Amino acid sequence: MNTQQHTPGPWVSHFTEDGWEVIKDEKQVFGRMIICGEIEQGEDGGMADAKLIAGAPHMIEALIKINEMCADMGKVENGKLNSGLIAQITIAAINKATK
């Protein structure tokens, strides 16, 4: 099912003199890969948008896992999906995009 064609994550957001930007997290000072730059919209100067963009790779991974869990009947416990695990996956994706 993995047909991702985007730049692989993780992506991180950080503030620069030109506004918020999202980069591929490679712990590099020079030669960093900018995913999206100069994000300045909104009351917070673009911070929320930058975090949402940076969370995109994690969110797609979470959705793929949830889809696999729902499709894979082998992960059903006592006739029910493991809702606790589904909640953990979705909360992690939400937190990555909003915190």
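First, a word on scope: everything that follows refers to the structure included in this document. (Residues numbered from 1 in each chain as written. Predicted model: local features only at pLDDT ≥ 70, side-chain atom pairs only at ≥ 80, totals over all residues. Heavy atoms only, no water.)

A few points about the overall build of the chain
Item 1. When you go through the chain residue by residue, the secondary structure sums to three helices and five strands.
Item 2. Scanning the chain from its N terminus toward the C terminus, one meets helices and strands in the order β-β-β-α-α-β-β-α.
Item 3. Counting across all 99 residues of the chain, residues that qualify as buried make up 22%.
Item 4. When contacts within the chain are restricted to residue pairs at least 6 apart in sequence, long-range pairs at least 24 apart make up 40% of them.
Item 5. Accessible surface, the chain: about 6,900 Å² in total, of which carbon and sulfur atoms supply 56%. (Helix = DSSP H or I, 4+ residues; strand = E, 2+ residues; numbered from the N terminus. Buried < 20%, exposed > 50% of the residue type's maximum accessible area, 1.4 Å probe, protein only. Contact = heavy atoms within 4.5 Å. Areas by Shrake-Rupley, 256 points an atom, 1.4 Å probe, with all protein chains shown as cover.)

Here's the deal with the pairing of strand β2 (residues 19-24)
Item 1. The buried count for β2 comes to six of six residues, which makes it a mostly enclosed element.
Item 2. Alignment of strand β1 (residues 11-16) against β2, held across six bridges, turns out to be antiparallel. By the bridge assignment for β2, V12 is matched with I23.
Item 3. Linking two consecutive strands that pair antiparallel, namely β1 and β2, is a turn of two residues.
Item 4. Of the pairings in the sheet, the one linking β2 to strand β3 (residues 34-39) comprises three bridges and is antiparallel in character. (Pairing = 2+ DSSP bridges.)

Section: the environment of M59
Item 1. Residue position: M59 is located in helix α2 (residues 56-71).
Item 2. A sequence separation of 31 residues divides M59 from T90, and the C-alpha atoms of the two residues are 8.0 Å apart.
Item 3. Not counting the four nearest positions on each side in its chain, M59 is found in contact with L52, A93 and A97.

Focus: unusual backbone geometry
Item 1. The linkage connecting G9 with the following residue, P10, adopts the cis geometry, with an omega of 5°.
Item 2. At E38, a position not held by glycine, the phi torsion is positive, near 55°.
Item 3. Assignment of secondary structure puts E38 in strand β3.

A few points about the sheet that holds β2
Item 1. With antiparallel pairing, the three strands of this open sheet are ordered in space as β1-β2-β3. Looking at strand neighbours, the two that pair on one side only are β1 and β3, the edges of this open sheet. Between one strand and the next, the sheet's axes are offset by a mean angle of 15°, whatever the strand orientation.
Item 2. Where helix α1 (residues 47-54) meets the sheet, its contacts fall on β1, β2 and β3, and the angle it forms with β1 comes to roughly 155°. (Axes fitted to C-alpha atoms, helices over the stretch in contact; angles between N-to-C directions.)

Focus on a negative patch on the surface
Item 1. A cluster of acidic residues, E17, D18, E38 and E40, forms a negative patch at the surface.
Item 2. Of note, E17 is situated in the loop between β1 and β2.
Item 3. A relative accessible area of 79% means that E17 is categorised as exposed. (Patch = residues over 30% accessible without salt bridge, like charges linked within 9 Å, V, L, I, M, F, W, Y side chains within 5 Å. Salt bridge = Lys/Arg side-chain N within 4 Å of Asp/Glu carboxyl O. Lys, Arg positive; Asp, Glu negative; His and termini not counted. Charge placed at Lys NZ, Arg CZ, Asp CG, Glu CD.)

By themselves, these are just geometric observations and shouldn't be taken as functional.
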